[in-house]
Amino acid sequence: MSIVLDHVNYTYSAGTAYEKHALKDINLVIPDGQFIGLIGHTGSGKSTLIQHLNGLIKATSGAIYYDGHDIYDDDFSMKELRTKVGLVFQYPEHQLFETTVVKDVEFGPKNMKLPQLEVQMRTFEAIKMVGISEELYDASPFELSGGQKRRVAIAGVLAMKPEVLILDEPTAGLDPMGRDEILDRIAEIQKERKITVILVSHSMEDVAKYVDRLIVMDHGSVQFDGTPKEVFAHYKELESMGLAAPQVTYIMQSLRAQGANVEDATTVEEAKEEILKAWKKI
Amino acid sequence: MKKMIEAKDLVFEYIRRDEEGNVDGIIRAVDGVTLDVQPGNFVAILGHNGSGKSTIAKQINAILEPTEGYLYVDGKDVSDPDKLWEVRQSAGMVFQNPDNQIIASVVEEDVAFGPENLGVPTEDIWVRVEEALRAVGMLEYRTHSPNKLSGGQKQRVAIAGIMAMKPKCIVLDEPTAMLDPNGRKEVIKTLHELNDKENVTVLLITHYMDEVIGADKVIVMDDGKIVMQGTPREVFSQVEKMKSYRLDVPQVTELAWELKKAGMPMPDGILTVEEFTEAWKQCQ
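The structure reproduced in this document is the subject of the present report. Sequence order as written defines residue numbering, which begins from 1 separately in each chain. As a convention, the first chain written is A and the first ligand written is 1, with the rest following in written order. It should be noted that, the model being predicted, local features are given only for residues of pLDDT at least 70 and side-chain atom pairs only at 80 or more, the latter also being counted only at that level, while totals for whole chains, interfaces and linings use all residues. Values shown for side chains rest on all heavy atoms present in the structure; no hydrogens or waters enter the calculation.

## A few points about the overall build of chain B
Then, in step 1: Along its length, chain B carries 10 helices and 10 strands.
Then, in step 2: For a compact globule the rule gives 2.2 Å times the number of residues to the power 0.38, and the radius of gyration it is set against comes from C-alpha atoms. Here the C-alpha atoms of chain B give a radius of gyration of 20 Å, agreeing with the 19 Å that 2.2 N^0.38 yields for 284 residues.
Then, in step 3: Of all 284 residues assigned to chain B, the portion counted as buried reaches 54%.
Then, in step 4: Taking the intrachain contacts of chain B between residues at least 6 apart in sequence as the baseline, contacts between residues at least 24 apart amount to 63%. Only DSSP runs of H or I covering at least 4 residues are called helices, and only runs of E covering at least 2 are called strands; the numbering of each starts at the N terminus. Classification of residues uses two cut-offs on accessible area relative to the type maximum, computed with a 1.4 Å probe and protein chains only: under 20% is buried, over 50% is exposed, and between them is partly exposed. Here a residue-residue contact requires only that any non-hydrogen atoms of the pair lie within 4.5 Å.

If you want it as structure tokens, here you go:
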């Protein structure tokens, strides 16, 4: 379901010495089924922005429409919005609390007052989706490895069948393989369920590999919005915002400076193809 | 020369007990590690989640006592309860989350906390605080509130807090995991400066492959054991082996390796964009 942000502003601690204009005139259209990356340095406004999307923070001014409905309307159900827009916080495993994996995952759908059968179906589907094997269903979530815990926490949100899934740095602290496994799963789920996924990340390599569209925040405003390739072409501006491009982007720049006939690339696969193409021509 | 860290057949077992206190399960997190770190070295430890690297870090800081084998830090036995504080003073530790490590409401007071606890005279404390903040490039923030700093700045304050205790060695357990790219760069640059200028031994645990390129030595752990060690080039030359340990190599190394597999005469173990460009020129 589409989300439209119309001139959204947000000010923290308005009227005090700590007043901070965290979001400045944000205009965004988030259509169905897109895989979106959201990047920006710490304090750029990314977290504030995603908390607006499921109504945890109310805009100081401007409007947000979910599927055409103004979410600040009196008759709009915020509770329903929060089941439709699922937010996975940073280090979501810190929020695990139940005695077994299954119980933890079913907490969300149970609270939605769904019939018991539906709760169970959603729970098992979600656990399966994140790739947790059957022998762990009755294990304590606290006995699992870091990567497994995080998957269980994500399953808890998936079980609510959100139409929009927002993940705030889902791979922080995971080893490279654990990082790939989680992101591969999320990409699969995004395709299977045709949901919108918003991935907040500090890893330029990861967003380049997975997302269709990249939104860059800086000082509370959207600075760039386009495909990873379009956005990373502005690597110099990104650097001035405390960000960077994936390393392969710099490799291609360096080769071009030496006269190579290669296009921009944002992933290892793209770079490989480009370089091989240029090499075979010789 | 006295070794900074010397471990021989080091073992650590986490023992899980049931409600009656009977042993329920034993996990061997560190399994026979033999390791030498020379003073002034910059050593990086890589390994997947659960490979035992954090357990070793906690042993070096005498938070965990070895189950078997021995471990000396700056010549002091970590198993000797009388040496506990000396060990911790020799090897300071920095953790992942900067917010869990900062306790004071003003930067310089936070940095002073360590030396204060060591009983350093007040005048000396201020000298140390100033030196430490200067060393990490945070002197201009000395009277700021840590709350208002970025993640990278907070981590540098945490490092300054350790530096003010004048350790010979700093052990950092994923200090950049929660930081943005700029914050990560700041912290890694600071560590290299401390290593070069103050001759502090650095032991860096990380999941970011690009952060270990400047290290003197890279150690790869798997299942509680050291499975690879060498210079960054030696270790990253073995792309497939690294992947088998759930690790990765820098993008530039992977690209060169992929090109080599596709028939281009690229050398192994390319670590920087400059090296890549040079190698590419040789292919023309």
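## What to know about the packing of aromatic side chains
Residues and elements named next belong to chain A.
Then, in step 1: Any two of the Phe, Tyr and Trp rings considered here, Trp counted by its six-membered ring, make a pair once their centres fall within 6.5 Å; the pair's planes then place it as stacked at under 30 degrees, edge-to-face at over 60, or tilted in between. Inspection of every chain in the model, using the stated rule, returns 6 aromatic pairs over all chains.
Then, in step 2: An angle of 90° between the planes, with centres 4.9 Å apart, marks the rings of Tyr10 and Tyr12 as edge-to-face.
Then, in step 3: Since its relative accessible area comes to 15%, Tyr10 is described here as buried.
Then, in step 4: Note on Tyr235 and Tyr250: the rings are 5.3 Å apart at their centroids and 80° apart in plane angle, and the pair reads as edge-to-face. One end of the pair, Tyr235, is in helix H9 (residues 235-240); the other, Tyr250, is in helix H10 (residues 247-257), and 15 residues separate them in sequence.

## Topic: the interface of chain B and chain A
Size of an interface: often given as the accessible area lost when the parts come together.
Then, in step 1: In this assembly, 37 residues from chain B lie in contact with 36 residues from chain A.
Then, in step 2: Throughout, buried area stands for the accessible area (probe radius 1.4 Å) lost by two parts on being put together, summed over both. Carbon and sulfur atoms supply 62% of the area that chain B and chain A bury against each other, a total of about 3,300 Å² over both sides.
Then, in step 3: Three residues stand out in chain B for area buried against chain A, namely Arg246, Gln251 and Trp280 of chain B, and they jointly supply 21% of the buried area on that side.
Then, in step 4: Any Lys or Arg side-chain nitrogen found within 4 Å of a carboxyl oxygen on Asp or Glu counts as a salt bridge. Across the contact surface, chain B and chain A share 4 salt bridges.
Then, in step 5: Ionic pairing is found between Asp175 of chain A and Arg246 of chain B, a salt bridge with its closest N-O pair at 3.5 Å.
Then, in step 6: Only helix H6 (181-197), helix H9 (251-261) and helix H10 (273-282) of chain B provide two or more residues apiece to the side of chain B that touches chain A.
Then, in step 7: If one sorts the elements of the side of chain B that touches chain A by residue count, H9 of chain B sits on top with 6 residues.
Then, in step 8: By residue class, the composition of the side of chain B that touches chain A is 18 nonpolar, 9 polar and 10 charged. Lys, Arg, Asp and Glu make up the charged group, whereas Ala, Val, Leu, Ile, Met, Phe, Trp, Tyr, Cys and Pro make up the nonpolar group; the residues left over, Gly among them, are polar.

## Structural notes on the nonpolar core
Then, in step 1: Counting 50 residues, the largest nonpolar core has Leu46, Ile159, Ile170, Leu191, Val220 and Met242 of chain B as its most contacted members.
Then, in step 2: Take the buried Ala, Val, Leu, Ile, Met, Phe, Trp, Tyr and Cys residues and link them wherever side-chain atoms come within 4.5 Å; each set so joined is a nonpolar core. With 49 residues, the next largest nonpolar core counts Val105, Leu199, Tyr210 and Leu214 of chain A among its residues.

## A word on the sheet that holds strand S7 (residues 164-168) of chain A
Residues and elements named next belong to chain A.
Then, in step 1: By definition, two strands form a pair when at least two bridges between them are found by DSSP. Ordered by their spatial adjacency, 6 strands build an open sheet running S6-S7-S8-S3-S9-S10, and the pairing between neighbours is mixed. In this open sheet, the two strands that pair with only one neighbour each are strand S6 (85-88) and strand S10 (221-226). The sheet shows a mean angle of 15° between the axes of neighbouring strands, direction not considered.
Then, in step 2: Bridging between strand S3 (residues 35-39) and strand S8 (residues 196-200) involves 4 bridges; their strand directions are parallel. Directly across from Gly37, in S8, lies its bridge partner Leu199.
Then, in step 3: Helix H5 (residues 146-158) rests against S6 and S7 of the sheet, and its axis sits at about 165° to S6. To get an axis, fit a line to the C-alpha atoms, keeping to the stretch in contact for a helix; angles then go from 0 to 180 degrees between the N-to-C directions.

## Quick word on the packing of helix H5 (residues 151-163) of chain B against H6 of chain B
All names here are of chain B.
Then, in step 1: One way to put it is that H5 packs onto H6 with a least axis distance of 8 Å and a crossing angle of 25°. The pairing of H5 with H6 is recorded here as roughly parallel in orientation. The chirality of how H5 crosses H6 is right-handed. Seen from H5, the contacting residues are Gly152, Gln153, Gln155, Arg156, Ile159 and Met163; seen from H6, they are Gly183, Glu186, Val187, Thr190, Leu191 and Leu194. Should an angle fall under 35 degrees it is called roughly parallel, over 145 degrees roughly antiparallel, and 65 to 115 degrees roughly perpendicular, with every other angle called oblique. Should the near helix be turned anticlockwise from the far one by less than a right angle, the crossing is left-handed, and should it be turned clockwise, the crossing is right-handed.

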